[in-house]
Amino acid sequence: SALTQPPSASGSPGQSVLISCTGTSTDVGAYEYVSWYRQYPGQAPQLLIFEVTKRPSGVPGRFSGSKSGNTASLTVSGLQVEDEADYYCSSYAGNVDVPFVFGTGTKLTVL
Amino acid sequence: QVQLQESGPGQVKPSETLSLTCSVSGASISTYYWSWIRQVPGKELEWLGFFYHGESTKYNPSLKGRLSISGDTSKNQFSLTLTSVTAADTAMYYCARGFSSPDYWGQGTQVTVSS
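Residues numbered from 1 in each chain as written. Chains lettered and ligands numbered in written order. Predicted model: local features only at pLDDT ≥ 70, side-chain atom pairs only at ≥ 80, totals over all residues. Heavy atoms only, no water.

Participant: What am I meant to see in the overall build of chain B here?
Facilitator: Scanning chain B for helices and strands turns up zero helices and eleven strands. The helix and strand sequence of chain B, counted from the amino end, reads β-β-β-β-β-β-β-β-β-β-β. Scaling as 2.2 N^0.38, a compact globule of 115 residues should have a C-alpha radius of gyration of about 13 Å, and chain B matches this with 13 Å. Its C-alpha atoms give chain B principal-axis dimensions of roughly 35 × 25 × 25 Å. Scored against the burial criterion, the 115 residues of chain B give a buried share of 44%. (Helix = DSSP H or I, 4+ residues; strand = E, 2+ residues; numbered from the N terminus. Rg over C-alpha atoms; globule rule 2.2 N^0.38 Å. Buried < 20%, exposed > 50% of the residue type's maximum accessible area, 1.4 Å probe, protein only.)

Dropping the structure here:
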């Protein structure tokens, strides 16, 4: 089933915000394959973080990922207006019927 | 620069078959995993399945055996076929490179199931 994210998060420009992603011991807790995506309205998701902490080239260092147990987190530091978007996590879940699951999504508002 | 572009009909009638194609440039479909993902407007992303050329495919069981994914290396394209569609299949459909952390995505193509 889908990973659980808070429906919304917010912060002021310059602040930091953390978005959580809670799974289970068979997905988030079991593998180092958590990813994070940003999605602007009407656009495709963009990969921000892969393998829990790694950033693709071109993604600013303001975006960082971590994991503790069954919960992964995305931290956006130095919030900017353009960070306002939907954020999704995902995790590999092993060689099972549904090996890849997404989170429920979090709408980040920059106040 | 890797680019993906979905194409297909914008509308399909209930009980008919949906066929979408993803054209890939900048990477060969003979390498990497390639995925289809969809999103109902305002809802979360749903992984549909992946294709790894010549080796394996895997589908989300929620589609109850209606989905197949295949590739055409001569055209560097891969395709989605979804049979017996219903209104619940109305969504934006994305193709993407990769499986555990898709890194390149197409722009998406909106599919509406309606008579």
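Continuing now.
Participant: Got a minute to help me understand the environment of B:Pro102 in this structure?
Facilitator: Its place among the elements puts B:Pro102 in the loop between β9 (91–97) and β10 (104–105). Separated by 68 residues in the primary sequence, B:Pro102 and B:Trp34 place their C-alpha atoms 8.2 Å from one another. Residues contacting B:Pro102, with those up to four places away along its chain left out, are A:Tyr37, A:Leu47, A:Phe100, B:Ile37, B:Ala96 and B:Arg97. (Contact = heavy atoms within 4.5 Å.)

Participant: I would appreciate a short explanation of the pairing of strand β7 (residues 85–92) of chain A in the present structure.
Facilitator: Two faces, one strand: in a regular strand the side chains alternate between the faces of the sheet. Residues and elements named next belong to chain A. Along β7, seven of the eight residues are buried, which leaves the element largely enclosed by surrounding structure. Strand direction decides the pairing type here: strand β3 (residues 34–39) and β7, joined by six bridges, are antiparallel. Among the inter-strand pairings, Arg 38 is bridged to a residue of β7, identified as Tyr 87. Sheet analysis places β7 next to strand β9 (residues 106–110), joined by three bridges and oriented antiparallel. Among the inter-strand pairings, Asp 86 is bridged to a residue of β9, identified as Lys 107. Of the strand pairs in this sheet, β7 and strand β8 (residues 100–102) are connected by three bridges, and their pairing is antiparallel. Among the inter-strand pairings, Ser 91 is bridged to a residue of β8, identified as Val 101. (Pairing = 2+ DSSP bridges.)

Participant: I'm lost on the nonpolar core in this one. Help?
Facilitator: Looking at soluble globular proteins, one finds that nonpolar side chains tend to be buried together. Of all hydrophobic cores here, the largest spans 25 residues; its most connected members are B:Leu18, B:Trp36, B:Phe78, B:Leu80 and B:Tyr93. Contributing elements (two or more residues each) for this core: β3 (18–25), β4 (34–39), β5 (45–52), β7 (67–72), β8 (77–82), β9 and β11 (109–113) of chain B. By size, the runner-up hydrophobic cluster in this structure holds 23 residues, among which are A:Ala9, A:Tyr87, A:Cys89 and A:Leu108. (Core = buried A, V, L, I, M, F, W, Y, C linked by side-chain atoms within 4.5 Å.)

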